[in-house]
Amino acid sequence: MGLIPVSNGEVAAIVTTLEMRQRPPLRPMPASRLRLVAWDRPSPEKYRALFRRIGAPWLWFSRLVMAESALIQLIHDPAISIFAAVDPAGVEVGMLELDFRHPRECELSYFGLIPELAGQGHGRWLMAEALARGWAKGVERVWVHTCTLDHPSALGFYRASGFTAISRTIETFPDPRLGGFLPADAAPQIPLLG
């Protein structure tokens, strides 16, 4: 057993990939006061604002560091379906992104709600929406990945939703707080070194 040092200024995470190879049994849709709205060709500014609002506590950074042209190409791709979860006042409070670019597969690329909604059952509703929309496209596999930087309940939530863990990898990356992509006080549970 050995420890692998991580340089100051970097963050490391264990990434778990999970998959579902058959559609789960149909169940009643969990109740939620939220509704899902398709985001057809969202503006990069609007997309990044919601991405940051949901993901800052977990150091979501990938879409924040992308060049604008690359982000536009990605979020405007017709094989990627993006939805915002909105509250009764119409405020965006969650995100669902389904990637169908690989034949017969659906990657649950991004799935999340603002931190204030944690533990209220809206995640079960959002997952039911994700699975219904993913499997409706006739895929053979729905998959997702999570990491040790995510909400402590994320891995258990995905497994309880019917996903099976299939692989684990280690990811290291420059801390997005040091690059100014996220505020220095984001994700206080992850020490800022560097």
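The structure this text deals with has already been given above.
What counts, and where the lines are drawn
Residues numbered from 1 in each chain as written. Predicted model: local features only at pLDDT ≥ 70, side-chain atom pairs only at ≥ 80, totals over all residues. Heavy atoms only, no water. Phe/Tyr/Trp six-rings, centres within 6.5 Å; stacked < 30°, edge-to-face > 60°. Buried < 20%, exposed > 50% of the residue type's maximum accessible area, 1.4 Å probe, protein only. Lys NZ or Arg CZ within 6 Å of the ring centre and 35° of its normal. Axes fitted to C-alpha atoms, helices over the stretch in contact; angles between N-to-C directions. Helix = DSSP H or I, 4+ residues; strand = E, 2+ residues; numbered from the N terminus. Parallel < 35°, antiparallel > 145°, perpendicular 65-115°, else oblique. Contact = heavy atoms within 4.5 Å. Nonpolar A, V, L, I, M, F, W, Y, C, P; charged D, E, K, R; others polar. Expected span 1.5 Å × (residues − 1). Pairing = 2+ DSSP bridges. Right-handed = clockwise from strand over helix to strand, strands pointing away.

Visitor: For the packing of aromatic side chains, give the residues involved together with the corresponding values.
Guide: Aromatic ring pairs are described here by two measures, namely the spacing of the ring centres and the angle between the planes. Taken as a whole and assessed by the stated rule, the structure comprises nine aromatic pairs. Between F51 and W60 the ring centres are 5.2 Å apart and the planes differ by 50°, which places this aromatic pair in the tilted class. Each member of the pair, F51 together with W60, is buried. Grouped by ring-pair contacts, the aromatic residues Y47, F51, W60 and Y110 constitute a single cluster. For the cation-ring pair, R133 lies above F83, with the distance from its terminal atom to the ring centre recorded as 4.6 Å. Its end group placed over the ring of F100, K137 keeps NZ or CZ at 5.4 Å from the ring centre.

Visitor: Before we move on, could you go through the packing of helix α1 (residues 44-55) against helix α3 (residues 68-75) and cite the residues and values that matter?
Guide: Where α1 meets α3, the axes come as close as 10 Å, and the angle between the chain directions of the two elements is 85°. Here α3 runs roughly perpendicular to α1, going by the angle between their axes. On α3, the residues that touch P44, E45, Y47 and R48 of α1 are E68, L71, I72 and I75. When its residues are assigned to classes, the contact of α1 with α3 shows five nonpolar, no polar and three charged.

Visitor: Could you give me a rundown of α1, with the residues and numbers involved?
Guide: Over its 12 residues, α1 extends 16 Å from the first C-alpha to the last, a length consistent with the 16 Å expected when each residue adds 1.5 Å. Looking at the buried residues of α1, the elements they touch are α2 (62-65), α3, β3 (80-86), β4 (92-99) and β5 (105-113).

Visitor: Provide a residue-level description of the sheet that holds β4, including the pertinent values.
Guide: Judged by pairing direction, the sheet is mixed, and its seven strands sit side by side in the order β2-β3-β4-β5-β6-β1-β7 without closing on themselves. With partners counted over all chains shown, the strands left at the sheet margins are β2 (35-38) and β7 (164-174), one partner each. For this sheet, the mean inter-axis angle between neighbouring strands, taken without regard to orientation, is 25°. Seen against the sheet, α1 touches β3, β4 and β5 and runs at an angle of roughly 105° to β4. The sheet contacts of helix α4 (residues 122-135) involve β1 (10-20), β2, β3, β4, β5 and β6 (141-147), and relative to β5 the element is tilted by about 160°.

Visitor: I'd like a description of unusual backbone geometry, backed by residues and values.
Guide: Even without glycine at this site, L59 takes up a positive phi of about 60°. Position of L59 relative to the elements: it lies in the loop between α1 and α2. Residue class for L59 comes out buried when judged on its relative accessible area of 2%.

Visitor: Before we move on, could you go through the pairing of β6 and cite the residues and values that matter?
Guide: Most of β6 is tucked away, with five of its seven residues classed as buried. One ladder, built from six bridges, connects β1 with β6; its direction is antiparallel. Bridge assignment links V15 to a residue of β6, and that residue is C147. The pairing of β5 with β6 spans three bridges and is classified as parallel. Across the sheet, residue C106 finds its bridge partner in β6, namely V142. This β-α-β element, β5 to α4 to β6, shows right-handed connectivity.

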